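The primary structure of each chain is shown beneath.
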Amino acid sequence: MYKQKYFICLLFLFLVLIPFKVSGEQLTERVIIFFHNEIDYSLLENKEIEVHHLFEDLNAASVTIPVEWKDHLLQRSNIQFIEPDPEVQTTFQEMSWGYRMLGLEMFNQSGYTGKGVKIGILDTGVRIDHPDLRIAGGATFVQGTTSYDDDNGHGSHVAGIVAAQNNDIGAVGVAPDAEIYAVKVLDQKGEGNQSDVVKGIEWAMAQGLDIINLSITSQNGSFLLEEALKKAESQGMIIVAASGNYPTALYRNLNVLYPARYPSVLAVGSVMWDKNQFTRSLFSYFGQDLDFVAPGEEIFSTYNGTGAEEYGISTGTSMASPFVAGMAALYMEAYPNLSSKQITIHMGKSAEDLGTPGKDMEYGYGLVQPPLSKEVVNVFPDVADNTWYTKEVSDLFMKGIISGNNDGNFYPYNPITRAEAVTMIGRALKYTGGSSTTNFSDVPSGHFASGYINNTTNDGIIFGFSDGSFRPNLHIIRGDVAVILQRAFKLPDAESSHFADVDNQKHYFNAINSLFEQNITQGYEERTFKPDLNITRAQFSVFLSKAINQNQGTATSTR
């Protein structure tokens, strides 16, 4: 009986991709209209058009129209294109070991509980008065409802996996101190449209949420949903979604469903514990866009009932996804200097590899793991884990001195500029930085390094040029770096000469030899320093990290 019901539910997902309604004798279709330049509000006033949502930033509207209208509308000059508004639904299966098997019992002693992280549960709502859940707020985008209270149970179960309270009752979530927001985008049947989800995403962005969980799936994507998720990711939001459930055992790659398939989303599949190992749940969609796996079978969590029905056991990728959303909250708390992209990179590096070594189609990066507290981490994809500069680059990153580029890379072999150098030194010295006016003709107040340039020049660490310029984009040489590091960290004068290519008449002679005597550098082979070469980002990071730590006896030799 149970299996038959589940099959029908999933079969409905496969077949009803574009919902049609019959109103009287007229066949209607729910679509998304994209306008050129701006929404045509006069068109939407037509009584034959039912307006569901407006997306003013995208010049789009979700509407229900008579089927025969579509071709006529496309002939209008102000309409760009029309796409279906596909249905989405939960990946809920009626029927926690997952919490224990991920090592969260021991990890909980670390003190990381997701505190200060805001997580949106875009689902069927969450039971507002559940004794084991603390809801910070929410909204509903399901037509005909005024409350984000859960009238299905799926959203409450998902919310409990993320953040059920660590108390003496019921379940416990991955991140019990995270702030949970109930965003109701699915109705009491666990169904809705992608435009409802997009409105929920827009609300989550407006509220400044850090993470959203989407335990929902659809066979089809849409331009509207993809653009909304791109925008959310660009604003620093981590988006986690279920990979999807197949009605029978799935042995071939069909790739994950939407929205998990989008590059802006972390796609999560389900695993079970079988014969002393984790294996992919047979119902779990997998493929090239899968990112992580997490426990998804027979998971105990909160529910929307009362009394004995306040808790329940459920199975599906819907249950796996919130494990990853909760883990992301722990990483955000543990590593506050990491950007959202760097968080996800670190989560991938920290995952327990399953199946084929490296990222694969069945397990993605592997089984999600909690962050190792107080560990120096390397989050840059272009910095290998065992180079001569990895430790120092990671050290500066953990101290908030470097953050990498917008694409998440560090570019270790690129030369560093004077502005970048003084910014890193200013952060190391805990200067305030910030925008400020300067005395240099080529450093306006809006320049990213203007404050640090003022700080370091006022303290005599670095100087401008005789023509009144600072030349912030000029690449800096190794000899000049030695000089500014000696000044910034008050390194003692050198006692001897150690490099054959460092002329004792040069302004950097004393500083370079001081760096050698403080064990900050040993130079190149044959005892050379190459003082007039542009310094790379990796070399500068090593020098700076060791200059910061040199009084702690932690410096080791390098170039």
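Refer to the structure presented above.
Residues numbered from 1 in each chain as written. Predicted model: local features only at pLDDT ≥ 70, side-chain atom pairs only at ≥ 80, totals over all residues. Heavy atoms only, no water.

**Notes on the pairing of strand β10 (residues 179-184)**
The element β10 is largely enclosed, with a buried count of 5 among its 6 residues. Bridge count between strand β8 (residues 118-123) and β10: 6 bridges; the pairing is parallel. Along β10, the bridge assignment pairs Lys118 with Glu179. Inspection of the sheet shows strand β9 (residues 135-140) paired to β10 by 5 bridges, in the parallel sense. If you follow Thr140 over to β10, its bridge partner there is Lys184. In the classification by handedness, the crossover that spans β9, the intervening helix α6 (residues 154-163) and the parallel β10 is left-handed. (Buried < 20%, exposed > 50% of the residue type's maximum accessible area, 1.4 Å probe, protein only. Helix = DSSP H or I, 4+ residues; strand = E, 2+ residues; numbered from the N terminus. Pairing = 2+ DSSP bridges. Right-handed = clockwise from strand over helix to strand, strands pointing away.)

**Digging into the sheet that holds strand β13 (residues 216-217)**
Pairing within the open sheet is antiparallel, and its 3 strands lie in the order β11-β6-β13. In this open sheet, the two strands that pair with only one neighbour each are β11 (191-193) and β13. Pairing of strand β6 (residues 87-90) with β11, which is carried by 3 bridges, proceeds in the antiparallel orientation. By the bridge assignment, Val88 is partnered in β11 with Gly192.

**Thoughts on unusual backbone geometry**
Of the consecutive residues Tyr258 and Pro259, the connecting peptide bond is found in the cis state with omega at 5°. Along the polypeptide, Pro259 turns up in the loop between β14 (238-242) and β15 (266-274). Of note in this structure, Lys430 is not a glycine but carries a positive phi near 60°. Among the secondary structure elements, Lys430 is positioned in the loop between α12 (418-428) and α13 (450-458). A relative accessible area of 73% means that Lys430 is categorised as exposed. Residues other than glycine seldom take positive phi values, yet Lys490 does so here, at roughly 50°. Of note, Lys490 is situated in the loop between α14 (478-489) and α15 (509-517). Taking the relative accessible area as the measure of exposure, Lys490 reaches 71% and is therefore exposed.

**A short note on the pattern of salt bridges**
Applying the stated criterion to the full structure yields 14 salt bridges. When the shortest N-O distance is used, the salt bridge between Lys70 and Glu29 registers 3.3 Å. With Lys70 in helix α3 (residues 69-74) and Glu29 in strand β2 (residues 26-35), the pair connects residues that are 41 residues apart, well separated along the chain. The exposure class assigned to Lys70 is partly exposed, which follows from its relative accessible area of 22%. Exposure remark for Glu29: the relative accessible area of 5% places this residue in the buried category. (Salt bridge = Lys/Arg side-chain N within 4 Å of Asp/Glu carboxyl O.)

**Concerning the side chain of Glu83**
Examined against the element boundaries, Glu83 turns out to sit in strand β5 (residues 79-84). Of the side chains bearing the opposite charge, Lys70 lies closest to the buried Glu83, which forms no salt bridge; the N-O distance is 10 Å. Polar side-chain contacts of Glu83 include one of 3.0 Å to the backbone nitrogen of Phe223. Contacts of Glu83, omitting those with residues within four sequence positions, involve Val31, Ile32, Phe34, Ser222, Phe223 and Leu224. (Lys, Arg positive; Asp, Glu negative; His and termini not counted. Polar contact = N/O pair within 3.5 Å; in protein donor to acceptor, adjacent residues only side chain to side chain. Contact = heavy atoms within 4.5 Å.)

Everything listed is a geometric property; what it means functionally is a separate question.
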